[in-house]
Amino acid sequence: MPAKTYFLLYIGALIAISTLKSYEPLLIVLALLLIMSGKSVLSIARRSFILVALFSLFITLSYSFTLYLRDESFWHYFVTVNLRSFDMIFLTLLFTSRVNIYEAVAFSKDLSFLLVLSVSKIMNMQRSFADYTDALKSRTLRKPSRQQIYGYLGSAIAGFLDKNIREGKENFEAMKSRGFHV
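Notes on the structure follow. (Residues numbered from 1 in each chain as written. Predicted model: local features only at pLDDT ≥ 70, side-chain atom pairs only at ≥ 80, totals over all residues. Heavy atoms only, no water.)

1. As for the overall build of the protein
So, step 1. Assigned secondary structure in the protein consists of seven helices and zero strands.
So, step 2. Secondary structure elements of the protein, listed N to C terminal, follow the sequence α-α-α-α-α-α-α.
So, step 3. Taken over the C-alpha trace, the protein has a radius of gyration of 21 Å; the compact-globule value for 182 residues is 16 Å, which it surpasses by more than 25%.
So, step 4. Taking the principal axes of its C-alpha atoms as reference, the protein extends roughly 50 × 50 × 35 Å.
So, step 5. In the protein, buried positions account for 26% of the 182 residues. (Helix = DSSP H or I, 4+ residues; strand = E, 2+ residues; numbered from the N terminus. Rg over C-alpha atoms; globule rule 2.2 N^0.38 Å. Buried < 20%, exposed > 50% of the residue type's maximum accessible area, 1.4 Å probe, protein only.)

2. Notes on the environment of V41
So, step 1. Tracing the chain through its elements places V41 in helix 3 (residues 41-69).
So, step 2. Between the C-alpha atom of V41 and that of F78, which follows or precedes it by 37 residues, the distance is 24 Å.
So, step 3. Look past the residues within four positions of V41 in its chain and what remains in contact with it is L34 and F90. (Contact = heavy atoms within 4.5 Å.)

3. Some points on the packing of aromatic side chains
So, step 1. Taken as a whole and judged by the stated rule, the model has five aromatic pairs.
So, step 2. Where F7 meets F95, the ring centres are 6.3 Å apart and the plane angle is 45°; that geometry is what we call tilted. Separated by 88 residues along the polypeptide, F7 in helix 1 (residues 3-19) and F95 in helix 4 (residues 75-98) bring together distant segments of the chain.
So, step 3. One aromatic cluster is present, formed by F7, Y10, F95 and F107 through successive ring pairs.
So, step 4. Sitting above the plane of the F107 ring, K4 keeps its charged end 5.2 Å from the centroid. (Phe/Tyr/Trp six-rings, centres within 6.5 Å; stacked < 30°, edge-to-face > 60°. Lys NZ or Arg CZ within 6 Å of the ring centre and 35° of its normal.)

4. Some thoughts on the packing of helix 2 (residues 23-37) against helix 4
So, step 1. In contact at an axis separation of 10 Å, helix 2 and helix 4 are set at 25° when each is read in the N-to-C sense. Of the possible angle classes, the one that applies to helix 2 and helix 4 is roughly parallel. In terms of crossing hand, the pair formed by helix 2 and helix 4 is left-handed. From helix 2, Y23, L26, L27, V29, L30, L33, L34, M36 and S37 reach across to helix 4, where they touch H76, V79, T80, L83, R84, F86, D87, F90, L91, L94 and R98.
So, step 2. Residue classes in the contact of helix 2 with helix 4 are distributed as 14 nonpolar, three polar and three charged. (Axes fitted to C-alpha atoms, helices over the stretch in contact; angles between N-to-C directions. Parallel < 35°, antiparallel > 145°, perpendicular 65-115°, else oblique. Left-handed = near helix turned anticlockwise from the far one by under 90°. Nonpolar A, V, L, I, M, F, W, Y, C, P; charged D, E, K, R; others polar.)

5. Some points on the packing of helix 1 against helix 4
So, step 1. Viewed as axis vectors pointing N to C, helix 1 and helix 4 meet at an angle of 175°, and their least axial separation amounts to 10 Å. One finds that helix 1 runs roughly antiparallel with respect to helix 4. Between helix 1, through Y6, F7, Y10, A13, L14, I17 and S18, and helix 4, the contact on the second element is made entirely by R84, D87, M88, L91, T92 and F95.
So, step 2. The residue makeup of the contact of helix 1 with helix 4, split by class, is nine nonpolar, two polar and two charged.

6. Some remarks on unusual backbone geometry
So, step 1. For D71, which is not glycine, the phi torsion reads 60° and is therefore positive.
So, step 2. Residue D71 is classed as exposed on the basis of its relative accessible area of 73%.

7. So, the pattern of salt bridges
So, step 1. Under the criterion given, the structure shown has four salt bridges.
So, step 2. E72 is the salt-bridge partner of R70, the closest N and O atoms lying 3.7 Å from each other.
So, step 3. Between E167 and K163 there is a salt bridge, with its nearest N and O atoms 4.0 Å apart. Placement of the pair is E167 and K163 together in helix 7 (residues 146-177), with a separation of four residues, close to one helical turn.
So, step 4. Note on K163: relative accessible area 25%, which makes it partly exposed.
So, step 5. Via salt bridges that share partners, K121, K163 and E167 belong to a single interconnected network. (Salt bridge = Lys/Arg side-chain N within 4 Å of Asp/Glu carboxyl O.)

8. What to know about helix 7
So, step 1. With 32 residues, helix 7 extends 46 Å from end C-alpha to end C-alpha; this agrees with the ideal 46 Å at 1.5 Å per step.
So, step 2. Taken residue by residue, helix 7 has Y152, A156, G159, F160, E167 and M175 as its buried positions.
So, step 3. On its buried face, helix 7 is in contact with helix 6 (109-139).
So, step 4. Of the residues one or two after helix 7, G179 is the one with positive phi, at around 100°. (Expected span 1.5 Å × (residues − 1).)

Below, the structure written as structure tokens:
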């Protein structure tokens, strides 16, 4: 099957998963995804769990806490939202591990351009993170203290924000010059 067909099936599956309102069908979807992943099940499941844990930490825990304070049931919401997120992330990681994403979006010049732009942005951020980590290592002779780590994190976050705002403006101008009017 061509990559374009897999891409369309992937988009359809994401939409279908996002419409599920109860955790029972989401468990069935998860079982199917686990079967489809084969030998890579543990690797994909671990990465999915980490990403869902980050999402849950910031989004679902705060909303669940709000529901708890109102004396409303929050378990169904908590399980359903996190299971839906896990299914969608697992599906995305499975899709990207099996299908060449560049071939999948080759049918659209605009999607191909946006994909290349996104990947280059990710690579720039990875390089910046490596630069910040190298800077921390080169400026400390012994294991950094908690205060030094917090200072590093603060400067790294400020640097990321500054760099992303600057590059975002440049990317916006580049997209406008190529015919993307956002």
